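# Chains, contacts and geometry: an overview
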Amino acid sequence: MTKIISEEELSRQRAFSAKLREANAHFAAEYGRERLAHTETYGCQQNENDTERIRGMLKEAGFKFTEDAEKADVVIYNTCAVRENAEQKVFGRLGILKNIKERRRNMIIGICGCMVQQEHITEKIKAVHDHVDLIFGTHALYKLPELLYNAMHEKGVVVDITQSDGAIAEDIPVLRETPWKAWVSVMYGCNNFCSYCIVPYVRGRERSRKSADILNEIKELVKNGCTEISLLGQNVNSYGKDLDEGIDFADLIRMVNDIDGVERIRFMTSHPKDLSDKLITAMKECDKVCKQLHLPVQAGSNRILKEMNRKYTREEYLEKIEKIKREIPGIALSTDIIVGFPTETNEDFEDTLDILRRVEYDNIFSFIYSRREGTPAAKLDFVLTDEEIHKNFNRLLEVQNEISKRKNEAYVGRTERILVDGASKTDKTMLSGRTDSSKIVNFKGDESLTGKYVDVKITEARTWSLNGELI
Ligand code: SAH
Ligand code: SF4
Ligand code: F3S
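Bear in mind that the values here come from a model prediction, so they are computed numbers and not experimental data. (Residues numbered from 1 in each chain as written. Chains lettered and ligands numbered in written order. Predicted model: local features only at pLDDT ≥ 70, side-chain atom pairs only at ≥ 80, totals over all residues. Heavy atoms only, no water.)

## Some remarks on the overall build of the chain
- Counting its regular elements, the chain contains 13 helices and 19 strands.
- A compact globule built from 471 residues would reach a C-alpha radius of gyration of about 23 Å, and the chain, at 23 Å, matches this within 12%.
- Among the 471 residues that make up the chain, the fraction classed as buried is 56%.
- For the chain, the exposed surface amounts to about 21400 Å²; the carbon and sulfur share of it is 48%.
- For the chain, the distance from the average position of its 71 positive side-chain charges to the average position of its 78 negative side-chain charges is 1 Å. (Helix = DSSP H or I, 4+ residues; strand = E, 2+ residues; numbered from the N terminus. Rg over C-alpha atoms; globule rule 2.2 N^0.38 Å. Buried < 20%, exposed > 50% of the residue type's maximum accessible area, 1.4 Å probe, protein only. Areas by Shrake-Rupley, 256 points an atom, 1.4 Å probe, with all protein chains shown as cover. Lys, Arg positive; Asp, Glu negative; His and termini not counted. Charge placed at Lys NZ, Arg CZ, Asp CG, Glu CD.)

If you want it as structure tokens, here you go:
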């Protein structure tokens, strides 16, 4: 049964939000400028989606926003714990903020998200970074108005990293940057406990939102001009298992497909062990579901997959891929790969390369294994040296780049429907958007096309993107 944060608790938070609004109005009257907030997000789309809620709550509390941390009255970092380098980046940034805060004593610095949900990290921040005013974990997100109010009015650091019973907070204000496309969380947490992964520890157990809440959110988005919906969860194929509605993810997709005004549906992430025939059929039959699937394999050797606690073999994985390719011809596939998992040998790694060659992914997200304290894999020993692991990592990229380029070349000459995301990040004179299969396409055009669908003829293939001409 899904538990929901009570209306009483939410209205308590709204009262704190009103108090902040009042304080911010006084501040503006006194100093002739509005209080500014700055947010930074690390990690996955789940975190991006959480930051949209943080910004929604800050806006409701009367804050305006700045891109520049130096100008902000409130800085909030939404952090990731999945690999060590994500955490190191945040510690580095905290050092810089310390200097800024020495000049601006009233600045409030808040750290939230997955990283601080780990007690040893929160203890370290408290011990080493006493300029941090507020620390709150993934379960306390909806309490931001209260926690921020307290941080602004109390001396010392305000901390809330308690693990809740998993109750979901509905109806939190959301501020989205891209009105034409939106992430919509369908479930939170993860029960899989892959042996390398910190996510289940920092995000808690799987819990699904009620379908009515999801569908209402999407209908509201569509009313405001949104056409592309990405359904989000650490393991969307488990959607509904904890509900008493008797529905699963395939049923949910069909319901979203029936909403007028939705043009594209994407979802991530699917765990291969839970990818059902029913879902493949739903993907095939729902015209709005994009021809794209992210199916993380992580490794190609059965021994490593077992050590990783992934609960499928390479043969089972490949069989599912074959079925998808057969049922949905031309589907674009992507995956996540970990290189250098403890006990991995060069022979095991060859099995990963073999998977790449057999599946021919459109693109991959590859990571060097990072030891996470408290996970089972942290106790295992390495066979390969760092140097060997880096060499394998580079080989993996080489093999994949060749495949990606080849897959992209097949698009040259085709006309693709693109949803325009705005000016290209690398070349401001170009527009950038995505195909149904999620390939990035750059082309000349007016920025007023942002958020609209256009037809583009593909003229050139690159490794990571396509170039084209508006027709
Ligand atoms: N729930 C999703 C995403 C998990 S995190 C899934 O199961 O696919 C995203 C990716 O980070 C994972 O797929 C994995 O490839 C990588 N990852 C997770 N833990 C890691 C670790 N300790 N070291 C390196 N990469 C890791
Ligand atoms: Fe981590 Fe595995 Fe859960 Fe993905 S499925 S979040 S990799 S434990
Ligand atoms: Fe996402 Fe990182 Fe947390 S990948 S769930 S932000 S640990």
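On we go from here.
## A closer look at the domain arrangement of the chain
- Domain annotation of the chain identifies domain 1 (7-160), domain 2 (181-409) and domain 3 (415-470).
- On a C-alpha basis, the centres of domain 2 and domain 3 stand 25 Å from each other.
- Between domain 2 and domain 3, the residue contacts involve 17 residues of the former and 17 residues of the latter.
- Summed over both partners, the interface of domain 2 with domain 3 comes to about 1500 Å²; 45% of that surface belongs to carbon and sulfur atoms.
- The largest share of the area that domain 2 buries against domain 3 comes from Arg 264, Lys 405 and Asn 408, three residues that together contribute 39% of it.
- Where domain 2 touches domain 3, the interface holds three salt bridges.
- Along the contact surface separating domain 2 from domain 3 lie 12 residue pairs in polar contact (both at pLDDT 80 or more).
- When contributions to the side of domain 2 that touches domain 3 are tallied by element, the ones reaching two or more residues are strand E11 (264-268) and helix H13 (386-409).
- Looking at which element gives the most residues to the side of domain 2 that touches domain 3, the answer is H13, with six residues.
- Taken together, the residues of the side of domain 2 that touches domain 3 sort by class into two nonpolar, five polar and 10 charged. (Domains from an automatic or database assignment. Contact = heavy atoms within 4.5 Å. Buried area = accessible area lost by both parts, 1.4 Å probe. Salt bridge = Lys/Arg side-chain N within 4 Å of Asp/Glu carboxyl O. Polar contact = N/O pair within 3.5 Å; in protein donor to acceptor, adjacent residues only side chain to side chain. Nonpolar A, V, L, I, M, F, W, Y, C, P; charged D, E, K, R; others polar.)

## As for the site of ligand 1
- Near ligand 1 you find 14 residues, and of these Arg 83, Gln 234, Gln 298, Asp 336 and Ser 370 are the closest.
- One nitrogen or oxygen atom from the side chain of Arg 83 is found 3.1 Å from an oxygen atom belonging to ligand 1.
- One nitrogen or oxygen atom from the side chain of Asp 336 is found 2.6 Å from an oxygen atom belonging to ligand 1.
- Elements with a minimum of two residues in the shell around ligand 1: strand E13 (332-339) and strand E14 (363-368).
- For the shell around ligand 1, the class distribution of residues is seven nonpolar, four polar and three charged. (Near = heavy atom within 4 Å.)

## Describing the site of ligand 2
- The immediate surroundings of ligand 2 are formed by Cys 190, Asn 192, Phe 193, Cys 194, Tyr 196, Cys 197, Val 199, Pro 200, Gln 234, His 271 and Arg 310.
- Here the residues of the shell around ligand 2 sort into seven nonpolar, three polar and one charged.

## Structural notes on the packing of helix H11 (residues 314-327) against helix H12 (residues 346-359)
- In the contact formed by H11 and H12, the axes pass within 11 Å of each other and the chain directions differ by 15°. With respect to H12, the axis of H11 lies roughly parallel. Crossing of H11 against H12: the hand is right-handed. For the pair H11 and H12, the contacting residues are Arg 314, Tyr 317, Leu 318, Ile 321 and Lys 325 in the first and Asp 351, Asp 354, Ile 355, Arg 358 and Val 359 in the second. (Axes fitted to C-alpha atoms, helices over the stretch in contact; angles between N-to-C directions. Parallel < 35°, antiparallel > 145°, perpendicular 65-115°, else oblique. Left-handed = near helix turned anticlockwise from the far one by under 90°.)

## Some words on the packing of aromatic side chains
- Counted according to the given criterion, the structure contains nine aromatic pairs.
- Each ring, one from Tyr 42 and one from Tyr 77, has its centre 6.1 Å from the other, and the planes form 75°; the classification is edge-to-face. Linking Tyr 42 in the loop between strand E1 (36-41) and helix H2 (45-60) with Tyr 77 in strand E3 (residues 74-79), this pair joins segments that are 35 residues apart in sequence. Judged on exposure class, the residue Tyr 42 and its partner Tyr 77 are both buried.
- For the pair Tyr 196 and Phe 341, a centre-to-centre distance of 6.3 Å together with 85° between the ring planes defines the contact as edge-to-face. Of this pair, Tyr 196 sits in the loop between strand E8 (187-188) and helix H6 (199-203) while Phe 341 sits in the loop between E13 and H12; the two residues are 145 residues apart in sequence, bridging distant segments of the chain. Each member of the pair, Tyr 196 as well as Phe 341, is classed as buried.
- Taken together, the aromatic side chains of Tyr 196, Phe 341, Tyr 369 and Phe 382 make up a single cluster linked through ring pairs.
- In this structure, Arg 55 packs its charged tip against the face of Phe 65, placed 4.3 Å from the ring centre.
- Above the face of the Tyr 411 ring, Arg 414 is positioned so that its terminal group lies 4.2 Å from the ring centre. (Phe/Tyr/Trp six-rings, centres within 6.5 Å; stacked < 30°, edge-to-face > 60°. Lys NZ or Arg CZ within 6 Å of the ring centre and 35° of its normal.)

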